[in-house]
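A closer look at the structure
The residues making up each chain are set out below.
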Amino acid sequence: GAVIEGASTGLTLVNSSPLIYECLLQSCQYEGLRCRGTSSPVVADTVIAHNGRHGVLIEDTALPNLGCLDNTDQRNDGRNYLHENGGYEIYNDTAGAIEAEGNAWATTSTTGISARIFDRQDLSSLGIVDFSPIWTTGPNQAPVLSWPALAGYSDNGLDPEMAATGNAVEFRITYADAEGQA
């Protein structure tokens, strides 16, 4: 649930492997996430966007798990949203293969996504980034909004219905994303 904005580098991991879940790593000068040494974090349900250089930079022997749909552990199913980073969305500067399945990108075109990833296709000594299948529903789906079943809020979410200028009005809604998650 961390929000990191406007840093030099959003988050640099050196020889550490945390679970990075439901975070926002954006608008940093260089990378949103930099993995060095032997770091092997699991990154899921995270937005990595609008960073000056790369969304994710992978160096040394780091092997971040950005999404793996080939096992029963749902904590690493991706659902990250990588878009509009200045350089590449993922820059794999290692010989290791990187899992990045089940993520949403600015495009659903595999050619377009591949062009936003630096890996073996760009330099034969590097490992491949496996980004297929992609998450096509992505986080840009319209949310489902409904009024809570509470006294005063049940018709339009406002309580009170009207108030004089300068008086407080509360607004409440029930929100769920396109997958029905609250």
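Since the structure is predicted, the reported quantities are computational estimates derived from the model, not experimental observations.

Membership of the largest hydrophobic core comes to 23 residues, with the highest contact counts inside it found for Leu-33, Val-56, Leu-66, Ile-90, Trp-105 and Ile-117. Sorting the residues of this core by element identifies strand S5 (33-36) and strand S8 (56-58) as the ones contributing at least two each. Leaving out residues up to four positions away in the same chain, Leu-33 has contacts with Leu-11, Leu-13, Ile-20, Leu-25, Val-43, Gly-55, Val-56 and Leu-57.

Ordered by their spatial adjacency, 5 strands build an open sheet running S2-S5-S8-S10-S13, and the pairing between neighbours is parallel. The open sheet has two edge strands, strand S2 (11-14) and strand S13 (117-118), and neither has a second partner. Pairing of S8 with strand S10 (residues 90-92) involves 3 bridges; the strand directions are parallel. Bridging from a neighbouring strand, Val-56 pairs with Ile-90 of S10.

Okay, the pattern of salt bridges next. Oppositely charged side chains are able to pair whenever their charged atoms sit close together. All chains considered together, the criterion is met by 5 salt bridges. In this structure, the salt-bridge partner of Glu-59 is Arg-34, at a minimum N-O distance of 2.8 Å. Residue Glu-59 is found in the loop between S8 and strand S9 (81-83), and its partner Arg-34 is found in strand S5; the two are separated by 25 residues along the sequence. Residue class for Glu-59 comes out buried when judged on its relative accessible area of 12%.

Glancing now at the environment of Gly-37. Looking at the secondary structure, you find Gly-37 in the loop between S5 and strand S6 (42-44). Residue Gly-37 is classed as buried on the basis of its relative accessible area, which comes to 13%. With 24 residues separating them in the primary sequence, Gly-37 and Leu-13 have C-alpha atoms 8.1 Å apart. Contact partners of Gly-37, with chain neighbours within four places excluded, come to Asn-15, Glu-59, Asp-60, Thr-61 and Ala-62.

So, about the packing of aromatic side chains. One pass over the structure, following the stated rule, counts 4 aromatic pairs. Between Tyr-88 and Tyr-91, the ring centres sit 5.8 Å apart and the planes meet at 65°, which makes this aromatic pair edge-to-face. Using a relative accessible area of 19% as the deciding quantity, one classes Tyr-91 as buried. Measuring from centroid to centroid gives 6.2 Å for Trp-105 and Phe-131, while their planes differ by 70°, and the two rings are edge-to-face. In this pair, Trp-105 is assigned in strand S12 (residues 104-105) and Phe-131 in the loop between strand S14 (129-130) and strand S15 (144-146), connecting sequence segments 26 residues apart.

The rules behind the values
- Residue indices follow the written sequence of each chain, beginning from 1 at its first position.
- Two thresholds apply to this predicted model, a pLDDT of at least 70 for residue-level local features and 80 or more for giving and counting side-chain atom pairs, whereas whole-chain, interface and lining totals are computed over all residues.
- As a rule here, side-chain values cover all heavy atoms of the structure and leave hydrogens and water aside.
- We call a set of buried Ala, Val, Leu, Ile, Met, Phe, Trp, Tyr and Cys residues a nonpolar core when their side-chain atoms join them within 4.5 Å.
- For each residue, the accessible area found with a 1.4 Å probe, counting protein chains only, is set against the maximum for its type, and the residue is called buried under 20%, exposed over 50%, and partly exposed in between.
- Secondary structure follows DSSP: runs of H or I at least 4 residues long count as helices, runs of E at least 2 residues long count as strands, and numbering of each begins at the N terminus.
- Note on definitions: a residue-residue contact is assigned when non-hydrogen atoms from the two residues lie within 4.5 Å.
- Whether two strands pair comes down to DSSP finding at least two bridges between them.
- Think of a salt bridge as a Lys or Arg side-chain nitrogen and an Asp or Glu carboxyl oxygen that are within 4 Å of each other.
- In this scheme Phe, Tyr and Trp rings, the latter by its six-membered ring, pair at centre separations within 6.5 Å, and the angle between planes marks the pair as stacked below 30 degrees, edge-to-face above 60, and tilted otherwise.

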